[in-house]
Every structure is written in C-alpha cells, then in structure tokens.
Amino acid sequence: MADLQHFGYFFSRGFGPQAWGRSDWDWGHDWTKPDLYQQSVRALEQAGMDLVIAEDAISLGNPATLDLRIRQAYGGPKHDPLLLAPYLFAATSHIGIAPTVNAGFTPPYLAARQFATLAHLSSERLGINVVTDVGSARHAGVAPLPHDQAYDRAEEWITLLRRFWHSWGDGYVGDRSSWRFADGTALDAFHHEGEHFTADGPLNALPLAADPVVVSPGGSGRGLGFAGTHSDVQLALAPLSAAAMSDYRARVLAAAAESGRSASDLRILFVLKPEVVASVEEADRIVAASAHPSDDDLRTAAVAWSSDSETDLLSLDLDRPIPEGTFGDHVSAGTIRGLVGDTPDAPLRELLTRKARKGRVDARAGFVGTAGEFADFIEELGADADNDGIIFSGDLHPAQVYRMFGDIVPVLRQRGLLRREYGGGGIRGNLFDF
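Residues numbered from 1 in each chain as written. Predicted model: local features only at pLDDT ≥ 70, side-chain atom pairs only at ≥ 80, totals over all residues. Heavy atoms only, no water.

**Some details on the overall build of the protein**
Phase 1 of the analysis: When helices and strands are counted, the protein shows 15 helices and 14 strands.
Phase 2 of the analysis: For 434 residues, the compact-globule estimate of 2.2 N^0.38 gives 22 Å, and the protein sits close to it at 22 Å.
Phase 3 of the analysis: Judged by the C-alpha coordinates and their principal axes, the protein covers about 75 × 50 × 45 Å.
Phase 4 of the analysis: By residue count, 51% of the 434 residues in the protein fall in the buried class.
Phase 5 of the analysis: Of the contacts made within the protein by residues no fewer than 6 positions apart, 73% connect residues no fewer than 24 positions apart.
Phase 6 of the analysis: A total accessible area of about 19,300 Å² is found for the protein, and carbon and sulfur atoms account for 52% of it.
Phase 7 of the analysis: Positive and negative charge centroids in the protein, built from 38 and 58 side chains respectively, lie 3 Å apart. (Helix = DSSP H or I, 4+ residues; strand = E, 2+ residues; numbered from the N terminus. Rg over C-alpha atoms; globule rule 2.2 N^0.38 Å. Buried < 20%, exposed > 50% of the residue type's maximum accessible area, 1.4 Å probe, protein only. Contact = heavy atoms within 4.5 Å. Areas by Shrake-Rupley, 256 points an atom, 1.4 Å probe, with all protein chains shown as cover. Lys, Arg positive; Asp, Glu negative; His and termini not counted. Charge placed at Lys NZ, Arg CZ, Asp CG, Glu CD.)

**Examining a nonpolar patch on the surface**
Phase 1 of the analysis: Residues Leu60, Leu66 and Ile70 make up a contiguous nonpolar surface patch of about 230 Å² in total accessible area.
Phase 2 of the analysis: Locating Leu66 in the fold gives a position in helix H2 (residues 66–71). (Patch = residues over 30% accessible without salt bridge, like charges linked within 9 Å, V, L, I, M, F, W, Y side chains within 5 Å. Salt bridge = Lys/Arg side-chain N within 4 Å of Asp/Glu carboxyl O.)

**A look at the packing of helix H1 (residues 34–46) against helix H13 (residues 398–405)**
Phase 1 of the analysis: Running from N to C, H1 and H13 point in directions that differ by 15°, and their axes come no closer than 9 Å. The pairing of H1 with H13 is recorded here as roughly parallel in orientation. Here H1 and H13 pass one another in a crossing that is right-handed. Seen from H1, the contacting residues are Leu36, Gln39, Ser40, Ala43 and Leu44; seen from H13, they are Pro398, Val401, Tyr402 and Phe405.
Phase 2 of the analysis: Each residue belonging to the contact of H1 with H13 can be placed in one class, and the counts come to 7 nonpolar, 2 polar and no charged. (Axes fitted to C-alpha atoms, helices over the stretch in contact; angles between N-to-C directions. Parallel < 35°, antiparallel > 145°, perpendicular 65-115°, else oblique. Left-handed = near helix turned anticlockwise from the far one by under 90°. Nonpolar A, V, L, I, M, F, W, Y, C, P; charged D, E, K, R; others polar.)

**Some remarks on the environment of Phe89**
Phase 1 of the analysis: For Phe89, the position within the fold is in helix H3 (residues 81–91).
Phase 2 of the analysis: Residue classification places Phe89 among the buried positions, given a relative accessible area of 7%.
Phase 3 of the analysis: Separated by 34 residues in the primary sequence, Phe89 and Ser123 place their C-alpha atoms 9.2 Å from one another.
Phase 4 of the analysis: Ignoring sequence-local partners within four residues, the contact set of Phe89 consists of Ile97, Ser122, Arg125 and Leu126.

**What about the packing of helix H9 (residues 295–309) against helix H11 (residues 348–356)?**
Phase 1 of the analysis: Where H9 contacts H11, the two axes come as close as 9 Å, and the packing angle between them is 95°. Between H9 and H11, the angle falls in the class roughly perpendicular. The residues of H11 that touch H9, namely those facing Asp295, Leu298, Ala301, Ala302 and Trp305, are Arg349, Leu352, Thr353, Lys355 and Ala356.
Phase 2 of the analysis: Tallied by class, the residues present in the contact of H9 with H11 amount to 6 nonpolar, 1 polar and 3 charged.

**What about the side chain of Glu310?**
Phase 1 of the analysis: By the element assignment, Glu310 lies in the loop between H9 and helix H10 (333–340).
Phase 2 of the analysis: Buried charged residue Glu310 carries no salt bridge. Nearest counter-charge: Arg69, at 4.4 Å.
Phase 3 of the analysis: Sequence-distant contacts of Glu310, defined by excluding residues within four places in its chain, comprise Gly61, Asn62, Thr65, Arg69 and His330.

**Considering the environment of Ile391**
Phase 1 of the analysis: Within the element layout of this structure, Ile391 appears in strand S14 (residues 389–394).
Phase 2 of the analysis: Taking the C-alpha atoms as reference, Ile391 lies 14 Å from Leu417; in sequence the two are 26 residues apart.

**Comments concerning the pairing of strand S4 (residues 127–131)**
Phase 1 of the analysis: Summarising burial for S4: 5 of the 5 residues are buried, a large majority.
Phase 2 of the analysis: The alternating pattern of S4 places Gly127, Asn129 and Val131 on one face and Ile128 and Val130 on the opposite face, and all of these are buried.
Phase 3 of the analysis: With 3 bridges joining them, strand S3 (residues 96–102) and S4 adopt parallel strand pairing. If you follow Thr100 over to S4, its bridge partner there is Asn129.
Phase 4 of the analysis: Following the backbone out of S3, through helix H4 (residues 108–121) and into the adjacent parallel S4, one traces a crossover that is right-handed. (Pairing = 2+ DSSP bridges. Right-handed = clockwise from strand over helix to strand, strands pointing away.)

**A few points about the sheet that holds S14**
Phase 1 of the analysis: Read once around its circumference, the closed barrel built from 8 strands follows the order S1-S2-S3-S4-S9-S10-S11-S14, with strand pairing classed as parallel. Each strand axis lies, on average, 25° off the axis of its neighbour in the sheet, ignoring direction.
Phase 2 of the analysis: Sheet topology note: the S4/strand S9 (residues 213–216) ladder contains 3 bridges and is parallel. Residue Ile128 lies in a different strand from S9, and its bridge partner there is Val214.

Now the structure itself:
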C-alpha cells in the first residue's frame, strides 16, 4: 500500500462571491454569511484535509485594472478571511484554518496578539499564510518595496512575531494558592528597532503551546529562501511533473538546510486544481472541446491573468510577445512564470491558448480525468518526487467541494494515500503526525 500524503484545500477566490460565473450560484447561498463556508469546511474535514488556506488580496488593484478585477469578481470584492476563521473553527473540530495575512500591512504587535488569540480559541488550529504583496501598500500609507526587499520586511515581521509569542517565557505562574497569576520579572520587555519595524514587548496575550503554523507561497529564489527558513508549509506552485517537483523541493530543502532545518521540519504541498469526471469518455470529450479556443476563450483567460497580475493584458498585441517591463515589481515571479513558462518570447496568443486548452491527467498533459486517474497521478508523485502532499484548489462552495471530492476521497483512502482519522495536536499535529 502507498504511503500516506498530506492534503489541504486552497480557498482560491478568498472570502468573496463563491461560484460567481457558474451555475452553482443558483444554489442560492449568500457568500457574505458564514453558513456557506461552514457547510463547505465541514465537508473538507470529513474528507480528511489537514488544513484550509484562505487566499486574500487586500487591494482591488490599481486604477487601470479595477474594471478587469471586479467585472467577473476575480479580484474583489472580498471580506477579511481572518474574521471568517472563528466561524470555521466553530463548525469543525480538527481541520486547520490558515487565513492569508500581509506581512507589510498588519503591524507586528497587533498581528501577534490577534494570531495568539485565535490560536488559543481554536485549540491550536490556526495557521497564517504569509504574503508579501506590495500592491496594497498605498492603502495603509506604507511605501511600496521591490520584490526582494518585501521579503526582507517579511523576515523581520515573522521573527518579531515569534519574539512576541515567546515574550512571556516562564512568566505564567497560575498559582491559585497565593492568587499569583504571573511573574513580571520573567517577561521579555524587549525593544526592537529594525529596518522596517519599531516595537516593544512583551505581548499582552498568554503564551502558546506551539507557534501558529506559517504557510508561504512563492516560487522566486527569495520566496523559496523564506520558506526554507521560516515556513512550516510551502504552498508550492510548479509544473506537476516528478522532475519539476523534485527540483522545486531540492531548492526549498537547500534553503532549509542553510538555516539548520531539515525536510522533517516543513511540508511542501503542491497546488492542484483537478477537473474530476465520471468516465474516460467524458474526459476525452472535455479535452477535445478545448483544443481550439475561440477569441472569447482567449479573452476570458486574459481577463483572469490580468486580474491575478494586476496587469492589463487586454491592451497588448495578441500576436507579439509580452513587452519587457510590462509586469511591475508588485507581480510575483511565480505569477509571471505561471503565464509565460519557459517561453517568454512566445506571442501572447500562444500563452493564452495554452491556458485555455485542457489536457488529460493520465497522459500528464493536464488536469482532466477520473478519480482513479488522479489517484494514480498523486501516488506516482509521492513515489517519484518524494512528494509530501497536495493542496487542492477551488471555491469554498459545497457544490464544488462535493464535485471535486465525491469520487476521489474514497479512491485515495482505498489506496492508502489519504488519512481516515485525525490525531491530536491541532494543525501542527495534522501536518506532522506522519
């Protein structure tokens, strides 16, 4: 039997209008209310997911791309996922929840206090998906930074959070016989004055049994370095082939080794958005129908990528390569690579055509297939790429969750790939119990 892998779910639209643009909208759920998300997260816990990661982007984007981002609700509106987390914890018992937080937007002391509070309230089930988005800086009156400097700031931010979380030391006494709650001399009343932040300790929140789990995305050298040094989970965006995944893992683990960490200290989970169908014949039909995308199909792809990159691709010549300098500093290397791949000189039409076409998972040409074919694929990646596991991606909507997992969960469990029960220890226990 195959080895167990770790699985999670990336709530990729964020706390926004789930199912907009699809017939699932006619289920009549109200995306602004917690019921929709609670129903979905209960199903994901039943499916044995270790954690749910909630995407977020604070900004609606720059003025030139506002319409592109909201026309189909790709980039907004969104509510704050940190405030949704308590409702998800209340609906579940084991699954971890990791809202996205911006390391340049939320002051370290406030962030440390909020996360410590939620970690206590959730019995240590809180994670934080740390991003370095600089496009939202202007909304907080913060100067935008170039890509690598934004990671420098994030390094200082997470290091400072951890000092806050540990600032009580052995100060908590809890001695009821003398009604002595704490020993103030044991607390770390530090003063931090760094390149990006100035703050004083200690934190006005009780110490934790374990720090909240840190998740990070990013495929640049700087992003992989941050993951190797600071992250418990790397949300990995890479071509899903054994060779590409092995190379990606090696770079993260090399960064971890430089910081005195090993492969056992973090989980690298690759993002997969499967289109699970009932039969081989249906898969073939879907792939064949996408072989020759229309101009409308290309425009739909361009709108989506314009939203993701906050860059107006619709204004570019389809029959020429994307001009150098089109993507600003706010666009991550992973996002750019996701569009252009290894062919930055290809015409935009060719790039969008690739994105509009679909392929069969059994041929390793795409992500359309049956549950059994996806189980074969996931098992193969575990064996050939030493993969830790998979983060599935989609809306947090019951119809999509059941469509994606209804057939695949039984097969993954029958193969011995997916857990049947949870251990203890909250989100950290989920991720490191095997």
